[in-house]
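Each chain, letter by letter, is given below.
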Amino acid sequence: MAPFSYNHTHHQDMWYVLTGIPGLEDSHTWISIPICSMYILAVIGNIFLIFLIVTERRLHEPMYVFLSMLALSDVLLSTATAPKMLAIFWFHSVDISFGSCASQMFFIHFLFVAESAILLAMAFDRYVAICHPLRYTTILTSSATGKIGIAAVVRSFIICFPFIFLVHRLTYCGRNIIPHSYCEHMGIATLACDNISVNIIYGLTVALLSTGLDSVFIIMSYAMILCTVFQLPSRSARFKALNTCGSHICVILMFYAPALFSFFAHRFGGKTIPQHMHILVANLYVVVPPMLNPIIYGVKTKQIQDRVILLCSPISTHC
């Protein structure tokens, strides 16, 4: 697509070019193979996990309801990014309109903030279950669980909707190359010829007050959980509690570690971290955790294992 030949561009006329992974264009086809495989596994694994939770009454507990929300957000996040990413790698379909780019940006940030809130809810669930087991059923009722889920979605929408206005208010002067595989807020804002201080400040504030606070509360929850666990008299009880929390901790680390790397690399590591490394991590981030989450919970959670065995036993008997 030819570059713009005029100074100011109306939003409805604007098209961007997503370059994929800068510096690794020759390897796009090879990179696409594991990304495609992980995307397919993520979709199948998370949909299967949702199916197990919905169809098994024993799994209609707060922990598994939150897990099904996490699985749904994983499917949506990977689907919001991976198809366009693969189209760039396979068919060189690099063009994207301003409207489509802004929509993709909104959904990526919305799902990320929502997933952070769901992980916080899961940490709170484990905190109540281990530190206040006798009050678990009275605190985390079906009504409370539903309200927590709705609050996570509403909070994410309120936080991320202003991003659309923040990129719409800017004036763009012809630069249309986004060195990325998908659209995100700062990637669009840096193409403007206006002052983007408001965008930078709002982005940092949102990151610190939403996902930043979530991570602090999660750490506090697990610190209190560990204190309670190590005070348990029975070794088997301590092992069971730690095993239950192990899967949550793995998922939390997979979610926050690459996200924090990508966030700080984009803003502060421009000269020290190669751009292709930053973009590659960002690409893997939207498919690796969604692929691994169902596997981790399937391996670590006995109730899910039992349900899978129950579903598979008629098949093996028939064979």
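Scroll up to find the structure this text is about.
The structure displayed is predicted, hence computed values, not measured ones.

**Q** I'm lost on the pattern of salt bridges in this one. Help?
**A** Between side chains of opposite charge, a pair can form when the charged atoms approach closely. Scanning the model with the defined rule gives 3 salt bridges in all. A salt bridge links glutamate 56 to arginine 58, with the shortest nitrogen-to-oxygen separation between them at 3.4 Å. You can call glutamate 56 buried: its relative accessible area is 11%. For aspartate 214, the salt bridge is made with arginine 155, and the minimal N-O distance between the two is 2.7 Å. Linking aspartate 214 in helix H7 (residues 197–229) with arginine 155 in helix H5 (residues 142–168), this pair joins segments that are 59 residues apart in sequence. Judged by its relative accessible area of 26%, arginine 155 is partly exposed.

**Q** Sorry, what's going on with the state of the cysteines here?
**A** Put plainly, two cysteines are in a disulfide when a covalent bond ties their sulfur atoms together. In total, this model carries 2 disulfides according to the counting rule given. The disulfide pattern of the chain is 1-3, 2-4 when the bonded cysteines are numbered in sequence order. The closest cysteine sulfur to the non-disulfide-bonded cysteine 160 is located on cysteine 183, 15 Å from its own sulfur.

**Q** Looking at this structure, how should I read unusual backbone geometry?
**A** A negative phi angle is the norm for most residues apart from glycine, just as the trans form is the norm for most peptide bonds. Despite not being glycine, histidine 92 has its phi angle at roughly 55 degrees, a positive value. Within the secondary structure layout, histidine 92 lies in the loop between helix H2 (62–91) and strand S2 (95–97).

**Q** Could you clarify how one ought to interpret the packing of aromatic side chains in this entry?
**A** Centre distance and the angle of the planes are the two values used to describe a pair of aromatic rings. According to the stated counting rule, one finds 15 aromatic pairs in the structure shown. With a centroid separation of 6.1 Å and an interplanar angle of 55 degrees, the aromatic rings of tyrosine 16 and phenylalanine 98 are classed as tilted. Here the residue tyrosine 16 occupies a position in strand S1 (residues 15–18), and phenylalanine 98 occupies one in helix H3 (residues 98–131), the gap between them amounting to 82 residues. Taking the relative accessible area as the measure of exposure, phenylalanine 98 reaches 2% and is therefore buried. With 5.2 Å between their ring centres and 75 degrees between their planes, phenylalanine 161 and phenylalanine 165 make a pair best called edge-to-face. Taken as a pair, phenylalanine 161 and phenylalanine 165 lie in helix H5 at a separation of 4 residues, close to a single helical turn.

Cut-offs applied
- Residues numbered from 1 in each chain as written.
- Predicted model: local features only at pLDDT ≥ 70, side-chain atom pairs only at ≥ 80, totals over all residues.
- Heavy atoms only, no water.
- Salt bridge = Lys/Arg side-chain N within 4 Å of Asp/Glu carboxyl O.
- Buried < 20%, exposed > 50% of the residue type's maximum accessible area, 1.4 Å probe, protein only.
- Helix = DSSP H or I, 4+ residues; strand = E, 2+ residues; numbered from the N terminus.
- Disulfide = S-S within 2.5 Å.
- Phe/Tyr/Trp six-rings, centres within 6.5 Å; stacked < 30°, edge-to-face > 60°.

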